[in-house]
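# Descriptive analysis of the structure
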Amino acid sequence: MAEAAVKRIPGRGRFISFEGGEGSGKSTQIKMLSERLDAAKLRAIVTREPGGSPGAEIIRHLVLSGMGKLLGPDAETLLFAAARDDHVRSVIQPALSQGIWVLCDRFSDSTRVYQGRLGQVAPAILNAMERVTIGDLKPDLTIILDIPVEIGMQRAAVRRGTGAPDRFESEDVKFHQELRDAYRQIAAAEPQRCVLIDANADAGTVAASVWSVLRDRFFTADAANLASSA
Ligand code: TMP
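As the structure is a prediction and not an experimental result, all values here were calculated from the model.

## Overview of the pattern of salt bridges
Evaluated as defined, the whole model comprises 18 salt bridges. Where E76 meets R167, a salt bridge forms, and the shortest distance between an N and an O atom there is 2.9 Å. Of this pair, E76 sits in helix α4 (residues 73–97) while R167 sits in the loop between α7 (149–160) and α8 (173–189), placing them 91 residues apart in sequence. Judged by its relative accessible area of 3%, E76 is buried. Accessibility expressed as a relative area gives 12% for R167, which makes it buried. The residue K138 makes a salt bridge to E190 at a minimum N-O spacing of 3.9 Å. With K138 in the loop between α6 (123–133) and β4 (141–146) and E190 in the loop between α8 and β5 (194–198), this residue pair connects regions lying 52 residues apart in the sequence.

Okay, structure coming up:
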């Protein structure tokens, strides 16, 4: 099939993070992109934060249960940082250095938004944690899925079913609105790295927008034409 002809810029794998509020459809889009990369014969792994490595998954369980909240925003930030440190060293870096693409559900922008903007954790603490955990490692591309708060919260409630909301899903509408504003500001401030995509559409339409961003950024013009006609 035509997508197999997509040419990759050789060398290190590409690091793509997905960000957005609750119910923005990150997991669906990551899955669809990973299938598309697979069809294009590009090796990719799907991972997530907090979590993605055995140690970090333990911390995920802790923070999403609300335990971290009891410790206060600074300590909760340290828990996210500890999880990221393990995940970066044991999963992300090794994959990228083997030329494998990494599709990550949330990364450091989540800390900037949730702990920095909403938890009011001081920039000095956030900067120090970033230096320790990620150093120079920035995503090559960050897709920010943007959706009106009410719709995102409805989608998250449907997905959860009868299960209880987690630590952040249970915050109020004002929290989620601020979250959305903070992500939009990051997208505006870092247009080289971030692309804001309207996620208030069916999954196929959003996936087509995501793929067109990848084509523009990472693939040659010829290959892009082939991929779009697939
Ligand atoms: P999710 O992966 O199901 O979206 O859940 C992860 C939750 O953790 C989400 O509400 C955002 C939050 N979070 C932070 O507060 N800080 C972080 O650094 C990360 C990665 C996630």
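## Points about the side chain of R193
Looking at where R193 falls in the secondary structure, it is placed in the loop between α8 and β5. Taking the relative accessible area as the measure of exposure, R193 reaches 8% and is therefore buried. Of the polar contacts made by the side chain of R193, one reaches the side chain of D109; its length is 2.8 Å. A distance of 2.7 Å separates polar atoms of two side chains, one belonging to R193 and the other to T142.

## Let's talk about empty space enclosed by the protein
Counted according to the given criterion, the structure contains two cavities of 30 Å³ or more. There is about 110 Å³ of room inside the largest cavity. At the level of secondary structure, the elements contributing two or more residues to the lining of the largest cavity comprise β4, α7 and α8. Among the elements that take part in the lining of the largest cavity, α8 stands out by supplying four residues, more than any other. Class assignment for the residues of the lining of the largest cavity results in seven nonpolar, four polar and three charged. Approximately 80 Å³ is the volume found for the second largest cavity. Every residue lining the second largest cavity is listed: T77, A81, R84, T111, R112, L126, M129, E130 and T133. Looking at the lining of the second largest cavity, the elements with two or more residues in it are α4, α5 (108–118) and α6. Among the elements that make up the lining of the second largest cavity, the one with the highest residue count is α6 (four residues).

## Observations regarding the nonpolar core
Side chains that are nonpolar tend, in soluble globular proteins, to be buried together. I16, L37, I143 and L214 are the most contacted members of the largest nonpolar core, which totals 23 residues. Going through the elements one at a time, β1 (15–20), α1 (26–39), β3 (101–105), β4, β5 and α9 (203–218) are the ones with two or more residues in this core. Looking at this core element by element, the count peaks at six residues for α9. I16 has contacts with W101, V102, L103, C104, L141, I143, L214 and F218, leaving out every residue within four places of it along the chain. Among the nonpolar cores identified, the runner-up in size contains 18 residues, and I59, Y114, A182 and A187 belong to it.

Reading guide: rules and limits
- Residues numbered from 1 in each chain as written.
- Predicted model: local features only at pLDDT ≥ 70, side-chain atom pairs only at ≥ 80, totals over all residues.
- Heavy atoms only, no water.
- Salt bridge = Lys/Arg side-chain N within 4 Å of Asp/Glu carboxyl O.
- Helix = DSSP H or I, 4+ residues; strand = E, 2+ residues; numbered from the N terminus.
- Buried < 20%, exposed > 50% of the residue type's maximum accessible area, 1.4 Å probe, protein only.
- Polar contact = N/O pair within 3.5 Å; in protein donor to acceptor, adjacent residues only side chain to side chain.
- 1 Å grid on protein atoms, 1.4 Å probe; cavity = no way out; pocket = protein on both sides within 12 Å on 5 of 7 lines; lining within 4 Å.
- Points joined across faces, edges and corners; volume = space filled by probe spheres on them.
- Nonpolar A, V, L, I, M, F, W, Y, C, P; charged D, E, K, R; others polar.
- Core = buried A, V, L, I, M, F, W, Y, C linked by side-chain atoms within 4.5 Å.
- Contact = heavy atoms within 4.5 Å.

On their own, these measurements won't tell you what the molecule is for.
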